[in-house]
Amino acid sequence: KAGVTQTPRYLIKTRGQQVTLSCSPISGHRSVSWYQQTPGQGLQFLFEYFSETQRNKGNFPGRFSGRQFSNSRSEMNVSTLELGDSALYLCASSPSGVTQPQHFGDGTRLSIL
Amino acid sequence: QQQVKQSPQSLIVQKGGIPIINCAYENTAFDYFPWYQQFPGKGPALLIAIRPDVSEKKEGRFTISFNKSAKQFSLHIMDSQPGDSATYFCAALSAGSARQLTFGSGTQLTVLP
């Protein structure tokens, strides 16, 4: 079974731009969660999607948004990028939610210049 | 607000040693405590997890000890190997409707040959 696939692996953007990251979960997994990883703040939960609906949301500003498609693939969008948004963005999938083992992708490294 | 405190930040042991990583939590509404292992350039991978009704869980060379009254849990790695060199994260899953994983700050483990 293929693992969680995140694209692109690396992105460089400038302040004020917006960015969209993609996550393809393991086949059959319907829950996708997104996390931000930085040296200063560590791993922080952004949001979880299940069956195309946002089920839970972490403490991030509205510039961070996401969506999930009918095939369970998910996208995360960050608008009006700030220098502090530079981070590794990870997605994780599981069959039906965060109470089950989370399978992480290798992340998208976003750098803001 | 950091709800899961992890220590130490870094740890160096000799091959065959038993590194111990500790975590403490404040929120008593956590009901699932996983540990993740992360290698450079990779996403975290679930190692082992425990629920609060169990005081110890062992899987291969990895053991979680859980002290519910003290709100602490720890990871022990028996007979550590250089291949165990990685960053380890504890986490706690909040109960109730707003289910999300809160991660510790991570421990960088180095096992010397």
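Residues numbered from 1 in each chain as written. Chains lettered and ligands numbered in written order. Predicted model: local features only at pLDDT ≥ 70, side-chain atom pairs only at ≥ 80, totals over all residues. Heavy atoms only, no water.

Trainee: Describe the interface of chain B and chain A, listing the residues and the values that go with them.
Mentor: Facing the 17 residues of chain B at the interface are 17 residues of chain A. Around 1400 Å² of area is buried between chain B and chain A when both sides are counted, 56% of it from carbon and sulfur atoms. Across the chain B-chain A interface, the total number found is 1 salt bridge. Between Lys42 of chain B and Asp106 of chain A there is a salt bridge; the shortest N-O distance is 3.6 Å. Of the residues that constitute the side of chain B that touches chain A, the class distribution is 9 nonpolar, 5 polar and 3 charged. (Contact = heavy atoms within 4.5 Å. Buried area = accessible area lost by both parts, 1.4 Å probe. Salt bridge = Lys/Arg side-chain N within 4 Å of Asp/Glu carboxyl O. Nonpolar A, V, L, I, M, F, W, Y, C, P; charged D, E, K, R; others polar.)

Trainee: Explain the sheet that holds strand E7 (residues 62-67) of chain B residue by residue, including any values.
Mentor: Residues and elements named next belong to chain B. Pairing is antiparallel in the open sheet, where 5 strands are placed in the order E1-E3-E8-E7-E6. In this open sheet, the two edge strands, each paired with only one partner strand, are strand E1 (4-7) and strand E6 (56-59). Strand-to-strand, the axes of this sheet are offset by a mean angle of 15 degrees, without reference to chain direction. (Pairing = 2+ DSSP bridges. Helix = DSSP H or I, 4+ residues; strand = E, 2+ residues; numbered from the N terminus. Axes fitted to C-alpha atoms, helices over the stretch in contact; angles between N-to-C directions.)

Trainee: Go over the layout of surface pockets, please, and point to the residues and values.
Mentor: By volume, the largest pocket is sized at about 1100 Å³. In terms of lining residues, the largest pocket is bounded by 41 residues, among which Thr38, Gln41, Gly42, Leu43 and Gln44 of chain A are the most central. Residue assignment for the lining of the largest pocket shows that the elements contributing at least two residues are strand E4 (31-38) and strand E5 (42-50) of chain A together with strand E9 (86-94), strand E10 (101-103) and strand E11 (107-112) of chain B. For the lining of the largest pocket, the per-class residue count stands at 13 nonpolar, 24 polar and 4 charged. (1 Å grid on protein atoms, 1.4 Å probe; cavity = no way out; pocket = protein on both sides within 12 Å on 5 of 7 lines; lining within 4 Å. Points joined across faces, edges and corners; volume = space filled by probe spheres on them.)

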